Amino acid sequence: MSHLHTGSCLCGAVTFELAGEFKKFFLCHCSRCRKTSGTAHCANLFAPDATLSWLSGEDKLSFYHLEGTRFARTFCSVCGSNVPTDAKARGLVIVPAGCLDTDVDITPQAHIFMNSKGNWDNHLGDVPAFDEMPN
Ligand SMILES: [Zn+2]
Ligand SMILES: [Zn+2]
């Protein structure tokens, strides 16, 4: 039985449904993921043979493929949020974990491409944590 996941972009224009199972969950610290996310890493779920259906906002989708690489991303042209990329040639859907509105049933399996991480990306688990913006 396949699981049904739903998600959306920040402005709400783009919504989707994904039927399938997440098999891999990687935190990718490569320079491309750092650029596209603006932060330490992307958090990408990989769902082989999953079916991605756009429920709204398909006309708002933009697609970017970095020439000469497998790097591609799909994002909302209104708010810029990353949304799933249907990598048909690879037979899988790549889902940025942050765009999901449903719970994720697996936990991150690995940090990858640590050899290109930012120089400030060290021991982040040791940084003080607050429930909201501290004073
Ligand atoms: Zn949006
Ligand atoms: Zn990456």
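Quick caveat: nothing in here was measured; it's all calculated off a predicted structure.

Rules and cut-offs
- Residues numbered from 1 in each chain as written.
- Chains lettered and ligands numbered in written order.
- Predicted model: local features only at pLDDT ≥ 70, side-chain atom pairs only at ≥ 80, totals over all residues.
- Helix = DSSP H or I, 4+ residues; strand = E, 2+ residues; numbered from the N terminus.
- Rg over C-alpha atoms; globule rule 2.2 N^0.38 Å.
- Buried ≥ 20, exposed ≤ 12 C-beta atoms within 10 Å, placed from the backbone.
- Contact = placed C-beta atoms within 7 Å.
- UniProt positions renumbered as here; feature names shortened; annotations may be inferred.
- Core = buried A, V, L, I, M, F, W, Y, C linked by C-beta atoms within 7 Å.
- Pairing = 2+ DSSP bridges.
- Axes fitted to C-alpha atoms, helices over the stretch in contact; angles between N-to-C directions.

## Some details on the overall build of the chain
Thought 1: Helix and strand content of the chain: one helix and eleven strands.
Thought 2: Starting at the N terminus and ending at the C terminus, the chain contains elements arranged as β-β-β-α-β-β-β-β-β-β-β-β.
Thought 3: Since a compact globule built from 135 residues should have a radius of gyration of about 14 Å, the 15 Å found for the chain is in line with a globular shape.
Thought 4: Counting all 135 residues of the chain, 23% fall into the buried class.
Thought 5: A separation of at least 24 residues holds for 65% of the contacts in the chain among residues at least 6 apart in sequence.

## As for the UniProt feature "domain: CENP-V/GFA" (unreviewed entry) in the chain
Thought 1: What UniProt calls "domain: CENP-V/GFA" (unreviewed entry) maps, in this numbering, to residues 5–121.
Thought 2: Secondary structure within residues 5–121 divides into 6% helix and 43% strand; the distance between the first and last C-alpha atoms comes to 30 Å.

## Comments concerning the nonpolar core
Thought 1: Judged by nonpolar contacts, the single largest core of 16 residues is most densely connected at Leu18, Ala47, Val83, Val93 and Val95.
Thought 2: Looking at this core, the elements that each hand over two or more residues are strand E2 (15–19), strand E4 (42–48), strand E7 (72–76) and strand E10 (92–96).
Thought 3: Counting residues per element, this core draws most heavily on E10, at three residues.
Thought 4: If we skip the residues at most four places from it in the chain, Val95 touches Leu18, Asn44, Leu45, Ala47, Pro84 and Leu100.

## Here's the deal with the sheet that holds strand E5 (residues 51–56)
Thought 1: The strand order across the open sheet formed by three strands is E1-E2-E5, and the pairing between neighbours is antiparallel. Each end of this open sheet is capped by a strand with a single partner; those strands are strand E1 (4–8) and E5. Going from strand to strand, the sheet's axes swing by 20° on average, the running direction of each strand aside.
Thought 2: Bridge count for E2 against E5 is five bridges, and the pairing is antiparallel.

## Overview of the sheet that holds E4
Thought 1: In space, the five strands of this open sheet follow the order E9-E10-E4-E3-E11, with mixed pairing throughout. Of all strands in the sheet, those with a lone pairing partner are strand E9 (85–87) and strand E11 (110–112), marking the two edges. Strand-to-strand twist across the sheet, computed as the mean angle between neighbouring axes with direction ignored, equals 30°.
Thought 2: In this sheet, E10 lies alongside E4 in antiparallel orientation, the contact comprising five bridges. Note on E10: the bridge partner recorded for Leu45 is Val95.

## Considering the pairing of E4
Thought 1: Here strand E3 (residues 24–28) runs beside E4; their pairing, made up of five bridges, is antiparallel. Counterpart to Phe25 in the pairing with E4 is Leu45.

## Remarks on the pairing of E10
Thought 1: Of all the five residues making up E10, four are buried; the element is thus mostly covered by neighbouring parts of the structure.
Thought 2: The pairing of E9 with E10 spans three bridges and is classified as antiparallel. Paired with Asp86 across the bridge in E10 is Val93.
Thought 3: Following E9, the chain reverses through four residues before pairing antiparallel with E10; Gly91 in that reversal takes a positive phi of roughly 70°.

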